[in-house]
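Here is what each chain is made of, one letter per residue.
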Amino acid sequence: MKKILYTLLLLLLASSCRNDEIGDSRVQLDNIYSITDDPNDPVRHRIYEIYEKYGVPVYFNDTIGQVLVTTDVNGQPYYRYETLDLGWDFDSYNKATYQFDYITDPDRQYQMLDAVEYYLDHASRALWPHTFFITDGITTISKDGKNTVSKIDKDYSLNFRVIALIPKNWEDDSHTVMDNLKREYVTEKMSFYKTDIDEFASISSDYYDGFFDALHEKIGTKIEQPLGSTYGSCAMVINGVDLAALLGEEIGYVWNESTASMDEISVTRVPTLNTLIRSVYGQPMSTMERNSYTEEEIEIMTPLAHYAIGVFGFVYGSPYYPGLRAPQNAEDDLASYLNLVLNQNPDDFREEWKNCPLVLDKYEILYRVITDKLGVEL
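Residues numbered from 1 in each chain as written. Predicted model: local features only at pLDDT ≥ 70, side-chain atom pairs only at ≥ 80, totals over all residues. Heavy atoms only, no water.

1. Points about the pattern of salt bridges
Threshold: For this document, the term salt bridge refers to a Lys or Arg side-chain nitrogen within 4 Å of an Asp or Glu carboxyl oxygen. A run of DSSP states H or I qualifies as a helix once it reaches four residues; a run of E qualifies as a strand once it reaches two. Both are numbered from the N-terminal end. Throughout, exposure labels follow a simple rule: accessible area from a 1.4 Å probe, protein chains only, divided by the maximum for the residue type, with under 20% read as buried, over 50% as exposed, and the rest as partly exposed.
Per the counting criterion, the structure on display carries 16 salt bridges. Here arginine 46 and aspartate 114 are joined by a salt bridge, their closest N and O atoms 2.9 Å apart. Placement of the pair is arginine 46 in helix α3 (residues 42–54) and aspartate 114 in helix α4 (residues 106–122), with a sequence separation of 68 residues. By relative accessible area, which is 40% here, aspartate 114 ends up partly exposed. When the shortest N-O distance is used, the salt bridge between lysine 194 and aspartate 198 registers 2.7 Å. Within this pair, lysine 194 and its partner aspartate 198 are both found in helix α6 (residues 194–202), separated by 4 residues, close to a single helical turn. Taking relative accessible area as the criterion, lysine 194 reaches 57% and is therefore assigned exposed. Note on aspartate 198: relative accessible area 40%, which makes it partly exposed. One connected set of salt bridges, linked through shared partners, spans Arg46, Lys53, Asp114, Glu117 and Asp121.

2. Remarks on the pairing of strand β6 (residues 137–142)
Where we set the bar: By definition, two strands form a pair when at least two bridges between them are found by DSSP.
With 6 of 6 residues buried, β6 is to be regarded as a mostly interior element. Here β6 shows no split at all, with Gly137, Thr139 and Ile141 on one side and Ile138, Thr140 and Ser142 on the other all buried. Looking at chain direction, strand β4 (residues 96–101) and β6 are connected through 6 bridges and run antiparallel. The residue of β6 that forms the bridge with threonine 97 is isoleucine 141. Across 3 bridges, the pairing between β6 and strand β7 (residues 149–151) is antiparallel. Its bridge partner lying in β7, threonine 140 is registered against serine 150.

3. Looking at unusual backbone geometry
Phi at aspartate 209 takes a positive value of approximately 65°, unusual for a residue other than glycine. Looking at the element boundaries, aspartate 209 is found in the loop between α6 and α7 (212–219).

4. Side note on α7
This is how the line gets drawn: An arc is given here, and it is the one of the directions from the helix axis to the C-beta atoms. Two residues form a contact once any of their heavy atoms are found within 4.5 Å.
Among the residues making up α7, those that are buried are Phe212, Leu215 and His216. Down the axis, α7 shows its buried residues gathered within 100° of arc, on one side only. Turned more than 90 degrees off the buried face of α7, the exposed positions are Glu217 and Lys218. Tucked into the core, α7 has its buried residues touching α9 (273–280) and α11 (295–310).

5. Some remarks on the environment of aspartate 62
How we decide: Counted as a polar contact is a pair of N or O atoms within 3.5 Å, where, for protein atoms, one must be capable of donating a hydrogen and the other of accepting one, and residues adjacent in sequence contribute only when both atoms are in side chains.
Take aspartate 62: it is sitting in the loop between β1 (58–59) and β2 (63–71). The exposure class of aspartate 62 is buried, given its relative accessible area of 11%. When neighbours within four sequence positions are excluded, aspartate 62 is seen to be in contact with Glu82, Thr83, Leu84, Phe100, Tyr102 and Phe133. Side-chain polar atoms of aspartate 62 contact the side chain of tyrosine 102, separated by 2.3 Å.

6. Looking at the sheet that holds β4
Stated precisely, the cut-off is as follows: To get an axis, a line is fitted to the C-alpha atoms, and for a helix only the part in contact is used. The angle between two axes follows their N-to-C directions and goes from 0 to 180 degrees.
One open sheet accounts for 3 strands, arranged β4-β6-β7; its pairing is antiparallel. Unpaired on one side and paired on the other, β4 and β7 mark the two borders of the sheet. Ignoring which end each strand starts from, the neighbouring axes of this sheet average 20° apart.

7. With respect to the pairing of strand β3 (residues 77–83)
Sheet analysis places β2 next to β3, joined by 7 bridges and oriented antiparallel. Residue pairing for β3: valine 67 is matched across the bridge by arginine 80. Between β2 and β3, which follow one another and run antiparallel, lie 5 residues, and glycine 75 among them has a positive phi close to 85°.

8. A word on the sheet that holds β1
The 4 strands lie next to each other as β1-β5-β9-β8, forming an open sheet whose pairing is mixed. Bordering the open sheet on either side are β1 and β8 (156–158), each of which pairs with just one other strand. Relative to strand β9 (residues 162–165), β8 is paired through 3 bridges, and the arrangement is antiparallel. Each residue of the ladder has a partner; that of serine 157, found in β9, is alanine 164. In the packing of α4 onto the sheet, contacts are made with β1, β5 (131–134) and β9, and the angle to β5 comes to roughly 150°.

9. Regarding the packing of α4 against helix α5 (residues 174–190)
To keep things clear, this is the line we draw: Just so you know how the angles are binned, under 35 degrees is roughly parallel, over 145 roughly antiparallel, 65 to 115 roughly perpendicular, and the rest oblique. Throughout, a crossing is termed right-handed when the near helix is turned clockwise from the far one, and left-handed when it is turned anticlockwise from it by less than a right angle. For this classification, Asp, Glu, Lys and Arg are treated as charged, while Ala, Val, Leu, Ile, Met, Phe, Trp, Tyr, Cys and Pro are nonpolar and the rest, including Gly, are polar.
As a packed pair, α4 and α5 sit with axes 9 Å apart at the nearest point and diverge in direction by 45°. Comparing the axis directions of α4 and α5 gives the class oblique. The chirality of how α4 crosses α5 is right-handed. Facing Ala115, Tyr118, Tyr119 and His122 of α4, the residues of α5 in contact are Ser174, His175, Met178, Asp179, Leu181, Lys182 and Tyr185. Along the lines of polarity and charge, the residues of the contact of α4 with α5 split into 6 nonpolar, 3 polar and 2 charged.

10. Re the nonpolar core
Where we set the bar: As used here, the term nonpolar core means buried Ala, Val, Leu, Ile, Met, Phe, Trp, Tyr and Cys residues forming a set that is joined through side-chain atoms within 4.5 Å.
Grouped together as the largest cluster of nonpolar side chains are 87 residues, with contacts concentrated most on Tyr119 and Leu165. Excluding anything up to four places from it in sequence, tyrosine 119 contacts Leu127, Pro129, Phe132, Ile163, Met178, Leu181, Lys182 and Tyr185.

Everything listed is a geometric property; what it means functionally is a separate question.
In structure tokens, the structure reads:
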């Protein structure tokens, strides 16, 4: 009996020693991501300031630290190097090898930190990543037996814990890229709420990809052909507002065959429906249309252009033909909403679109998902 107790005691002591050894060499992974300051290095110091203010580390190298695993028989430490893993998506894992084009120029590094801080300043905490990684290129090599090599050609790569910025691909200014990133991040997270997105899309599903003038004819909007117009149907009255009375008339010209010359006539300044929408949304069809209306007139036309598309539940037209036709699908529709929702005060949005019930219905669906389910402040 004593022999058995002695054996058990030895086993307990051995287990305690092993636990102590493990405890000595164990390093908390969270400590790896902590940032230390270097006042003599402007980039390192700026990274430290960002980390202290937001709690988000920024790296220009995917190797971020080392973990002491054990020591060998000679007492020499054995380390395992920790690297950022871009394989984790929001709902899957991509087994691949990654190669990076590192940014080593301190001036460019410092400039990119401006972009990171802009994002953190303008995005809700719920949209902050665990880590930012900044590189000029990401190449993936698949581990499916084919070793397929592909290069990421986007402005950024969204991952479960890491947002990788790829400034070499940027054609827009950094603020625009960061605003696009915020919108795409919300879109990515919203994909988990399919029931809500289906409810959002169902409101305008009958109008997707339709031409706005045909859609207005479908619902019976009053669209008339004003005197002297040769450019198609014009929106004389929208939502009870008479554009002709607001914009007045101007001098136009008509060919007189008997005198073989141009005669002056008074013509209405009412735009075609398409020109109305494109002029307000900043994408006119031609230089002539671009110069047709003053800023004051555009301000008058804005709520009417909103109504012209908002009556169908849209806040923007097709990304390819914004003045001609509706968004092609729910994806384009959602993207146009998020562009406004994430950059506009909720009260201002509701006031601006108060005459468009379908728009407000869709907005409230997104507002509920973004604020209540994603925890993003608007």
